[in-house]
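# A structural walkthrough
Okay, here's what each chain looks like letter by letter:
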Amino acid sequence: MAEEVNKAKKLPRQPMPEQAPKVRARNFDEVPFGYANETAMAEASRCLRCKKPKCVEGCPVNVKIPEFVGLIADGDFIGAAHKLKETNALPAICGRVCPQESQCEARCVLGKKGEPVAIGRLERFAADYERNQGKIELPQIAPATGKKIAVIGGGPAGLTVAGDLIKLGHDVTIFEALHKTGGVLVYGIPEFRLPKAIVQAEVDYLKSLGVKIEESYVVGRIETVDELLERFDACFIGTGAGLPVFMKLEGENLNGVYSANEYLTRSNLMKAYRFPEYDTPIVKGKRVATFGGGNVAMDSSRTALRLGAEKSYIIYRRSMDEMPARDEEIHHAEEEGVEFLLLANPVRLIGDEKGWLTGVECVRMELGEPDESGRRRPQPIPDSNFVVEVDTAVVAIGNGPNPLVPSTTPDLKTNRWGNIDADLETGKTSMAGVYAGGDIVTGAATVIQAMGAGKKAAAAMHEYLQG
Amino acid sequence: MNRIVAKEEFSRNPGVKMMQIEAPRIARKAKGGQFVVFRLNETGERVPLTVADTDPEKGLVTIIFQEVGKSTMALGKLEVGDCLADFIGPLGQPTHMGDFGTVLCVAGGIGIAPTHNIVKALKAHGNKVISIIGARTKELIFWEDKMRELSDELYVCTDDGSYGIHGLVTKVEEELLEKSRESGEIGLVIGIGPPIMMKFVCKTSEPFGVKTLVSLPTIMVDATGMCGACRVTVGGETKFVCVDGPEFDGHKVDFDEMLKRQSIYLEQEKVALERYRHSDDCGCCDECGGDR
């Protein structure tokens, strides 16, 4: 063991090659290129294969990490991909968008004295390898149970539920409101971080397992949950993010002020960055401010650069340490030239007589005592206002739950913010046979958390359908 | 799915067209006041259109649109038998139905289409309906017969006097509200048409204190309560047209803000339209001055 530890210490964490910052800041291609086979094997060889792997505990879907990493070290890449898929239906996606540094990699023993194994990069490597080989092996599907399940919302939670339940022999239909399945994976996360062809491949994989998908089907309007229950044995609600939260500031409806949802949906789902080849337009600002410090804010500020902005600012009311975005996203944004105006909070948006944004007035902040979230509470410094000249602003401070299903399902209990009241361990709601998970239950969280909720709900639904 | 089964040209310049789309589920479910979103093809944008009529038995949804931009022009080029990539709905809240006594429906131009479906619902609910339909000129008036059949009284106006009453719809609106001042017969005004017209329908009814609903044609992307593009200020609060609307109390709507927001993409719309006119899809070479 001691020898292995020494070996692992000697071999540094393998970097993943990526596009140069200056180049990539002007295109929408994916930033990292991924590991080459040899690099992946070298990185995988750093894993100590702990008897009681802490990394697995750190994963919301408990991926068998030492096993799949071990298979990569041995050069069995396809085997590694299969091992991953035993617990995670979307490894190519998780390898790219999971916050590994606060989950699996945070628990890696190697991380205590050096750098943890690059679990995320290896996950991505194995999944990409399998996809590129074109050898997607279909898992064993249990004999048909005759039970029909409706999955409302084709995002990470819904895709996970569908994948788990179809394997157990149930008849699964996903109802997706948008014209493309994937939820936040297609409308929210940009192409340069998660190529849409990868999402499509994962969706196609589910279809090949027998999952039926009805796109452009807005449950709550075309059919209610109660109506669905007349033709399905159980329902899973994973309708995700809803209306964007605005700051209730003067000038927030000026032209050039976007919610991050709209800015990203235009660019990602509707491909406005390829306007006029694609019909949907987007304001290509020269000076863009993004308000917020999460992954969505990073995605927005980096999208602004790619749309041609000369200046792209992140305006965040706390300091770098409190920023909720993944380290890698902040790092990439900085490298690409996003400027961080920290400890600053917008107080007013300024416009011209035609209703177009011309600037944002901010106040400087300082950090006080920690608040409920444990982060130090930002307080405005009196008389410290200043104006940043911008023509576009993106409000990325979160969103409420999607109102369509809760507002049309009278027996479905919600909390005071409108999120569905569901048991976090089973997804069980106030209605028999109706389960829920993901952002619609917890409010804004991560892709993998939604998938974890989907996994638990699928298990509980399976049990319910047996009974 | 989403096949065009009937098409009619109501006016040539500007092009106003009617289409019946095969969409049985939407036809069964859509109520007065709701809208649909269409997308022409893979590169298309999502465009909201209010439902003009439905035939639940035949499974048909009627839309009427004016060719103002690339998407509506390209839609207008489709023929019977062609299909739309997406036809999504019904979206938005239906018109709230109640016992309003007499309802005065004021429709301008293309607004006649959604008004028709609302009048149909109001009548089914047992209300008396007086309708005013108006347009810039005679050619732009459509469905006069259908509106006359549904309404208890119908007034037709044109701005240029080429047909019916010479003048704006608001002139007739004011007269009727004046007449009803004593009796209080008119309990509700519904105004649907171009934003500027709706603004004046509201300005006209305000002094009479009669509640006035308007249906707002804001810019939308997902139209399912996610993006916030459609936000408007109503009574000082931000509302989302796609889920809170499309109908709002017109006396509380900030029309000036809405009008400004409607102009966000004017530049891009011009670019898209120019590009389209010079493409092979357009097929109307007379409009590009022969420089194709």
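Keep in mind the model is a prediction, meaning the values are calculated, not measured.

It is worth spelling out the overall build of chain B at this point. Counting its regular elements, chain B contains nine helices and 16 strands. Against the compact-globule benchmark of 19 Å for 292 residues, chain B has a radius of gyration of 19 Å, which places it among compact chains. Counting only C-alpha atoms and orienting by the principal axes, one finds that chain B spans roughly 60 × 40 × 40 Å. A fraction of 63% describes how many contacts in chain B between residues 6 or more apart in sequence connect residues 24 or more apart. With an accessible surface of roughly 12,100 Å², chain B has 49% of that area assigned to carbon and sulfur atoms.

All right, on to unusual backbone geometry then. Between Phe 275 of chain A and the following residue, Pro 276 of chain A, the backbone shows a cis peptide bond with an omega angle of 5°. Checked against the element boundaries, Pro 276 of chain A lands in the loop between helix 15 (260–267) and strand 7 (287–291). Here the amide bond leading from Gly 245 of chain B into Pro 246 of chain B is cis, since omega sits at 15°, within 30 degrees of zero. Tracing the chain through its elements places Pro 246 of chain B in the loop between helix 7 (241–244) and strand 16 (247–249). Positive phi outside glycine occurs at Leu 343 of chain A, with the angle close to 50°. In this fold, Leu 343 of chain A is placed in the loop between strand 9 (339–342) and strand 10 (344–351).

At the interface, 44 residues of chain B touch 46 residues of chain A. Both sides of the chain B and chain A interface together cover about 3,800 Å² of buried area, and 55% of this is carbon and sulfur. Per-residue buried area on chain B facing chain A is highest for Met 226, Arg 231 and Tyr 265 of chain B; these three make up 18% of the total on that side. At the junction of chain B and chain A, the tally comes to four salt bridges.

A separate point is the sheet that holds strand 11 (residues 165–166) of chain B. Residues and elements named next belong to chain B. Strand order in this open sheet of seven strands is 11-10-9-8-12-13-16, and the pairing throughout is mixed. Across the chains shown, the open sheet's two edge strands, defined by having one partner strand only, are strand 11 and strand 16. Its contacts with the sheet put helix 3 (residues 112–124) on strand 8 (102–108), strand 9 (128–135), strand 12 (186–192) and strand 16, and the angle it makes with strand 8 is roughly 165°.

Now for the sheet that holds strand 4 (residues 234–237) of chain A. Sheet strands associate in pairs through backbone hydrogen bonding, adopting either a parallel or an antiparallel arrangement. Residue and element names in this part refer to chain A. Spatially, five strands are ordered 3-2-1-4-16 in an open sheet, and the strand pairing comes out parallel. Of all strands in the sheet, those with a lone pairing partner are strand 3 (212–214) and strand 16 (434–436), marking the two edges. Across the sheet, the mean angle from the axis of one strand to that of its neighbour is 20°, orientation sign disregarded. Strand direction decides the pairing type here: strand 1 (residues 148–152) and strand 2 (residues 171–175), joined by five bridges, are parallel. Bridging across to strand 2, Ala 150 finds its partner in Thr 173.

Turning to the pairing of strand 12 of chain B, a few remarks are in order. Residues and elements named next belong to chain B. Within strand 12, six of the seven residues are buried, which leaves it mostly tucked inside the rest of the structure. With three bridges connecting them, strand 12 and strand 13 (residues 212–215) associate as parallel partners. Looking at the pairing, Ile 190 lines up with Leu 213 of strand 13. The β-α-β motif built from strand 12, the intervening helix 6 (residues 195–205) and the parallel element strand 13 has right-handed crossover chirality.

Its location among the elements puts Arg 46 of chain B in the loop between strand 3 (35–39) and strand 4 (47–50). Sequence spacing of Arg 46 of chain B and Ile 219 of chain B is 173 residues, and the spatial spacing of their C-alpha atoms is 9.7 Å. Once residues within four sequence positions are removed from consideration, Arg 46 of chain B is found in contact with Ala 177, Leu 178, His 179 and Met 270 of chain A together with Val 37, Phe 38, Arg 39, Ile 88, Met 220, Val 221 and Asp 222 of chain B. At a separation of 2.8 Å, a polar atom in the side chain of Arg 46 of chain B contacts the side chain of His 179 of chain A. Here the side chain of Arg 46 of chain B touches Val 221 of chain B through a polar contact of 2.9 Å, landing on its backbone oxygen.

Here we come to the packing of helix 3 (residues 37–44) of chain A against helix 5 (residues 65–73) of chain A. All names here are of chain A. The contact between helix 3 and helix 5 brings their axes to 8 Å, and the two run at 130°. With respect to helix 5, the element helix 3 is oriented oblique. With respect to the hand of their crossing, helix 3 and helix 5 are arranged in left-handed fashion. Contact residues: Ala 40, Met 41 and Ala 44 in helix 3; Val 69, Ile 72 and Ala 73 in helix 5.

Residues and elements named next belong to chain B. Most of helix 6 sits inside the fold, with eight of its 11 residues counted as buried. For helix 6, the set of buried residues is Pro 195, Met 197, Met 198, Lys 199, Val 201, Cys 202, Thr 204 and Ser 205. Of the surrounding elements, those touching the buried residues of helix 6 are strand 8, helix 5 (169–179), strand 12, strand 13 and helix 8 (255–261).

Procedures and definitions
Residues numbered from 1 in each chain as written. Chains lettered and ligands numbered in written order. Predicted model: local features only at pLDDT ≥ 70, side-chain atom pairs only at ≥ 80, totals over all residues. Heavy atoms only, no water. Helix = DSSP H or I, 4+ residues; strand = E, 2+ residues; numbered from the N terminus. Rg over C-alpha atoms; globule rule 2.2 N^0.38 Å. Contact = heavy atoms within 4.5 Å. Areas by Shrake-Rupley, 256 points an atom, 1.4 Å probe, with all protein chains shown as cover. Buried area = accessible area lost by both parts, 1.4 Å probe. Salt bridge = Lys/Arg side-chain N within 4 Å of Asp/Glu carboxyl O. Pairing = 2+ DSSP bridges. Axes fitted to C-alpha atoms, helices over the stretch in contact; angles between N-to-C directions. Buried < 20%, exposed > 50% of the residue type's maximum accessible area, 1.4 Å probe, protein only. Right-handed = clockwise from strand over helix to strand, strands pointing away. Polar contact = N/O pair within 3.5 Å; in protein donor to acceptor, adjacent residues only side chain to side chain. Parallel < 35°, antiparallel > 145°, perpendicular 65-115°, else oblique. Left-handed = near helix turned anticlockwise from the far one by under 90°.

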